[in-house]
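One letter stands for each residue in the lines below.
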Amino acid sequence: MATFVVRRLIASIFILLAATYLMYILTALSGDPLEDLRTSTAPNKQQLIEARTQLLHLDVPPYLRYFIWLGDLVGITGKGFWLGVTVQNQPVTVLLSQAAGSTLQLVVVANLTAIVLGLVIGITTALRQYSGYDYGVTFLSFLFFSLPIFWVAVLLKQYIAIGFNDFLDSPQIPIWIIPILAVISGLIWMSIIPRKGIQRVITFAVAAVATAGILFYMDASDWFSTPHIGIVGIVVTTLGIAFGVTAISTGLKKRRALYASLAVAALGIGLYYPFMYGLSYMLDLWTWIGLGVVTVGVSFAIGWFMGGNDRKPVARTAAITGFLVGAIISVDRFMLVWSQYANSGRIKGRPIATIGSATPGLEGSLWVHGVDFFTHLLLPTIALILISFATYTRYSRASLLEVMNQDYIRTARAKGLTERTVVVRHAFRNALIPIATIVAFDIGGIIGGAVITERVFGWTGMGQLFQNGLDHVDPNPVMAFFLVTGGLAIFFNLIADLVYAGLDPRIRVS
Amino acid sequence: MSNLPLPVEQPGHRELGVTDAENSIANIEVAGLSQGQIVRKRFFRHKGALFAMIALTFIVVLAFSSVGFQFGSWKTGGWWQYTWNVAVDIENGGRPTLSLFPFAVGNHPFGQDEVGRDIFAVVMRGTQQSLMIMVIVGAIATMIGTVVGAISGYYRGWTDSVLMRFTDIIITIPVIVIGAVLGRRFGIAGAPVLAVILGLVLWTGMARLVRGEFLSLREREFVDAARVAGARDRRIIFRHILPNAIGVIIVNATLLMAAAILIETGLSFLGYGVKAPDTSLGKIISENQVAFATRPWLFWWPGVFIISIALCINFIGDGLRDAFDPRQRRMPTDRNLAKARRANAGGKPPTVPADGGDLDRASVEVSARGAGFQGGGTGARGFYSDKPRDEDRPAPKRDS
């Protein structure tokens, strides 16, 4: 294993060197870096040209200039890790560290959401193969895959952002739309839940009535101006989470797990008011994350002590429940500051942002900044999800279908295991093997892929660094961008191989 | 866009609950037909692919006949009254004159832009460019990819190592990045040059797939037989192995073309693709995105054409994948099964299930259909090697 990793690493370094060389030459030859000066009418034109030539070593031909850049990079020239300067004489290292933060926020959030959503939808379509839901998702993934992202982005800006902001001026869903939405929701649920005959009708009716009820409540309570889940909503959702997580994780037959989850849920409900109106005012980002870790730990401990003979699965179930309950309460806390955020002087009642990664000069607590973060991430995330939706759903669907047709699944069924055990324990785990590798590959490629997204949504990130560099025929920022993307791609390729070998005992790396 | 081959059933695998009666119904469809006939038959059975084919043909004919074609100084006229580079007086405030009730085309069915160019003509010209780029990219990338993959898969050893490391180098650079760098330099030379350049960077996924295909096919008995019979390498590669890998190649060529359209529009959007005075679908959107609130038609029509082309190509690719998959089989409906059983009881051979019934089981193929239709994925290989293979590695994600 160690020799495999070392060998791959050495090979990767050579590949990266060759790729950077190629990239440097291509960028340097892509135009004339002095073009703007040559055409300028400044009296000290000659001086300016000389200054830039000095600054960027333009007197050295590109195929040798690369080695100056490389020498700076590895620190031979005594500057340490140095990526050179841009045309405007700004150090690229500083620019890169600024740009990388904003880009990482975008791609990490967007891709995590896309992966989770894609996996869930792909797996449910595989379990409901050839249902209306399956066909619907298949068609949608074809459609989304054919969408150019910049086109989607403009539509999202117009209809989600501007449309929703307009809607917030008088946030009432017209009465005639409610029945339509209710019927649509009923149809969706009916196609997802596998029932026949009269039971299908019941599913449809329950879903439609519930949707209509929620929408009426939202209208009546002016929900969109003051969004909230409220204690009633919290009780219902946490109990739902407790039952749902137990049903998927261990099965409801396992009483200890159910009781442990319910205990965690009860604890969450009990701590709701102290958290919402007391503790949460004292938190900053890191204490909030720490609190999340404590929540999961405490839930795990509750499961561990209530677990009896079979501690691990019970503790796991309780921990997942604890995480989700904590998340839902935090969401409610974010909603609490919504009206304050939306009506603040910087936002002026138009909360969904179309440009940039944060509202400049916004003051407020962790929660206000959190809401600001969400509103800025919303549109790029939706756009990136739509684009990668096809990959993840189709891939997880195919992978699970393949596993479900294996003989060992038939054996598992034949020995009388419940469908839950067969799907979750026998099928899902094996289906995750190829999915894990593809996810690792994709993470390697995401930063390089987000250039267009950043451009349309006006994020000042790595994409802008790249584009500015390219527009000025300035290899240094372009190379900084490429070092990160190429390095990540190669690193995650290696990770993918290792994950693959780690998950699948049939694979040996040597 | 992931290039990882999708898991599909292994040969000899039987679908759960497929009875002999179902098998006999499925097999009778292919009895006595050549490979080409089977593929054609299966392709035409795929309603989506067939419809996509018709739609694409319509788009091609419309784009090339309406405003004519210009290549350098050579130029043909079209039946449409305006051209894409001539501004005329603005009528109707530039709004589209196309209406369905009552049906009327009018002078400017897609509207006009602020200087008065007819958007129908502009969009048709952009569609031409995109289609041309798509075809050139598809042809070049497929050719290079197939040759590199075939040579490295067939000869193995150091040839393979050198070629695959070279592929690794290219694949490390995101397509949109290398496309932008090269497009900035050469985009000014026109769309065909841009297409050639895109073709020169997009072949990597194809090379890996073809290599994998060759690696497994070269171990087969028919290759040994050919070699024993005295065939040379060239003959073995072109006459014996390549025809067996043609399914993977064709399917991936279509997916490559769909990706090429989106990459070209993306590059033009960023400003590194097709340059003025010529136009492309991505460029129209890029120029007019700020005007969306006031002149949305400048924005809708090019988008509709990009999506239609990409969607058609994806559907055709999906149909081809189904058609070339030898393991794929049609699930007969319960009614057809019962009919077959009755017919068998009466001593008659089972009947072929009738086509039709779009969403019932009759038209449902038992395979990982449609799965992995995205950019270069193939459904032809499982995950059964003893170590991760190079060809299992996907190409970098699509521009997004």
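Residues numbered from 1 in each chain as written. Chains lettered and ligands numbered in written order. Predicted model: local features only at pLDDT ≥ 70, side-chain atom pairs only at ≥ 80, totals over all residues. Heavy atoms only, no water.

Caption draft 1: Quick look at the confidence of the model for chain B. Residue and element names in this part refer to chain B. Here chain B shows a mean pLDDT of 73. Residues at 70 or above account for 72%. Within chain B, no element has a lower average pLDDT than strand β4 (residues 365–366), which sits at 30, and none a higher one than helix α9 (residues 221–228), at 92. Segment residues 1–15 is flagged for pLDDT under 50; beyond a separation of four residues in sequence, or across chains, it makes 75 contacts in the model. Scored below 50 in pLDDT, residues 347–400 shows 203 contacts in the model against residues more than four places distant or in partner chains. For this predicted complex, the interface confidence comes out at an ipTM of 0.79, alongside a pTM of 0.77. (pLDDT = per-residue confidence, 0-100. Helix = DSSP H or I, 4+ residues; strand = E, 2+ residues; numbered from the N terminus. Contact = heavy atoms within 4.5 Å.)

Caption draft 2: Looking closely at the packing of helix α11 (residues 281–288) of chain B against helix α12 (residues 297–324) of chain B. All names here are of chain B. Taken N-terminus to C-terminus, the directions of α11 and α12 make an angle of 155 degrees; their axes are 9 Å apart at the nearest point. One way to sum up the angle between α11 and α12 is to call them roughly antiparallel. Read as a crossing pair, α11 and α12 show a hand that is left-handed. Across the interface between the two elements, Leu-281, Gly-282, Ile-284, Ile-285 and Asn-288 of α11 pack against Leu-298, Phe-299, Pro-302, Gly-303, Phe-305 and Ile-306 of α12. Across the contact of α11 with α12, the residue classes break down as eight nonpolar, three polar and no charged. (Axes fitted to C-alpha atoms, helices over the stretch in contact; angles between N-to-C directions. Parallel < 35°, antiparallel > 145°, perpendicular 65-115°, else oblique. Left-handed = near helix turned anticlockwise from the far one by under 90°. Nonpolar A, V, L, I, M, F, W, Y, C, P; charged D, E, K, R; others polar.)

Caption draft 3: View of the environment of Gly-199 of chain B. Residue and element names in this part refer to chain B. Mapped onto the secondary structure, Gly-199 falls in helix α7 (residues 191–201). Residue Gly-199 is classed as buried on the basis of its relative accessible area of 0%. Separated by 25 residues in sequence, Gly-199 and Asp-224 have C-alpha atoms that sit 34 Å apart. Not counting chain neighbours up to four residues away, the residues in contact with Gly-199 comprise Val-137, Ile-140, Ala-141 and Ile-144. (Buried < 20%, exposed > 50% of the residue type's maximum accessible area, 1.4 Å probe, protein only.)

Caption draft 4: Spatial organisation of a nonpolar patch on the surface. On the surface, Val-6, Ile-10, Ile-13, Phe-14 and Leu-17 of chain A cluster together to form a nonpolar patch covering roughly 470 Å² of accessible area. Along the chain, Phe-14 of chain A turns up in helix α1 (residues 2–28). (Patch = residues over 30% accessible without salt bridge, like charges linked within 9 Å, V, L, I, M, F, W, Y side chains within 5 Å. Areas by Shrake-Rupley, 256 points an atom, 1.4 Å probe, with all protein chains shown as cover. Salt bridge = Lys/Arg side-chain N within 4 Å of Asp/Glu carboxyl O.)

Caption draft 5: Summary view of unusual backbone geometry. All names here are of chain A. One non-glycine residue, Asp-222, lies in the positive phi region at around 55 degrees. Within the secondary structure, Asp-222 sits in the loop between α9 (198–220) and α10 (230–249). Unusually for a residue other than glycine, Val-473 sits at a positive phi of about 50 degrees. Of note, Val-473 is situated in the loop between α20 (462–471) and α21 (475–503).

Caption draft 6: Inspection of the environment of Phe-457 of chain A at higher detail. Residue and element names in this part refer to chain A. Summarising the element assignment, Phe-457 is placed in the loop between α19 (451–456) and α20. A relative accessible area of 2% places Phe-457 in the buried class. Along the sequence, Phe-457 and Leu-379 sit 78 residues apart, while their C-alpha atoms lie 8.1 Å from each other.

Caption draft 7: Representation of the packing of α20 of chain A against helix α6 (residues 175–186) of chain B. For the pair α20 of chain A and α6 of chain B, the least separation of the axes is 11 Å and the interaxial angle reads 20 degrees. Comparing the axis directions of α20 of chain A and α6 of chain B gives the class roughly parallel. For the crossing formed where α20 of chain A meets α6 of chain B, the hand is right-handed. Each of Phe-466, Leu-470 and Asp-471 of chain A in α20 of chain A lies in contact with α6 of chain B, whose residues at this interface are Val-177, Ala-180, Val-181 and Arg-184 of chain B. Its residues assigned to classes, the contact of α20 of chain A with α6 of chain B comprises five nonpolar, no polar and two charged.

Caption draft 8: Just the nonpolar core, in detail. Grouped together as the largest cluster of nonpolar side chains are 138 residues, with contacts concentrated most on Met-23, Trp-69 and Phe-466 of chain A together with Met-124 and Leu-202 of chain B. Of the domains in this structure, domain 1 (2–95 + 446–503) and domain 2 (103–419) of chain A are the two that each give at least three residues to this core. Each residue touching Met-23 of chain A, except ones within four places of it in the same chain, is listed here: Phe-466, Val-478, Met-479 and Phe-482 of chain A together with Ile-173, Val-177 and Val-181 of chain B. The next biggest cluster of nonpolar side chains, apart from the first, holds 31 residues, and it includes Ala-208, Trp-338, Ile-347 and Leu-362 of chain A. (Core = buried A, V, L, I, M, F, W, Y, C linked by side-chain atoms within 4.5 Å. Domains from an automatic or database assignment.)

Caption draft 9: A look at the domain arrangement of chain A. All names here are of chain A. Domain annotation for chain A reports domain 1 (2–95 + 446–503) and domain 2 (103–419). One C-alpha centre belongs to domain 1, the other to domain 2; they are set 39 Å apart. With twelve residues of domain 1 in contact, the opposing surface of domain 2 contributes 20 residues. Regarding the contact of domain 1 and domain 2, the summed buried area is about 1,400 Å², with carbon and sulfur atoms giving 78% of it. The interface formed by domain 1 and domain 2 holds three residue pairs in polar contact (both at pLDDT 80 or more) in total. Among the secondary structure elements, those contributing two or more residues to the side of domain 1 that touches domain 2 are α18 (419–449) and α19. In terms of residue count, α19 provides more of the side of domain 1 that touches domain 2 than any other element does, four residues in total. Split into classes, the residues belonging to the side of domain 1 that touches domain 2 amount to eight nonpolar, three polar and one charged. (Buried area = accessible area lost by both parts, 1.4 Å probe. Polar contact = N/O pair within 3.5 Å; in protein donor to acceptor, adjacent residues only side chain to side chain.)

Caption draft 10: Region of the structure containing the packing of aromatic side chains. Within the structure shown, the criterion is met by 31 aromatic pairs over all chains. Seen from their ring centres, Phe-144 of chain A and Phe-389 of chain A are 5.6 Å apart, and the 75 degrees between their planes marks the pair as edge-to-face. Of this pair, Phe-144 of chain A sits in helix α6 (residues 132–145) while Phe-389 of chain A sits in helix α16 (residues 366–404), and the two are 245 residues apart along the sequence. Phe-144 of chain A gets classed as buried once you look at its relative accessible area, which sits at 16%. With a centroid separation of 4.4 Å and an interplanar angle of 10 degrees, the aromatic rings of Phe-150 of chain A and Phe-269 of chain B are classed as stacked. Pair noted here: Phe-150 of chain A is in helix α7 (residues 149–167) and Phe-269 of chain B is in helix α10 (residues 233–270), and the two residues belong to different chains. Phe-269 of chain B carries the same exposure label as Phe-150 of chain A, and that label is buried. Among the aromatic side chains, those forming a connected cluster through ring pairs are Phe-275, Trp-288, Phe-334, Trp-367, Phe-373 and Phe-374 of chain A. The ring of Phe-269 of chain B is capped by Arg-455 of chain A, whose NZ or CZ atom sits 5.8 Å from the centre of that ring. When the ring centre of Phe-186 of chain B is taken as reference, the NZ or CZ atom of Arg-185 of chain B above it lies at 5.6 Å. (Phe/Tyr/Trp six-rings, centres within 6.5 Å; stacked < 30°, edge-to-face > 60°. Lys NZ or Arg CZ within 6 Å of the ring centre and 35° of its normal.)

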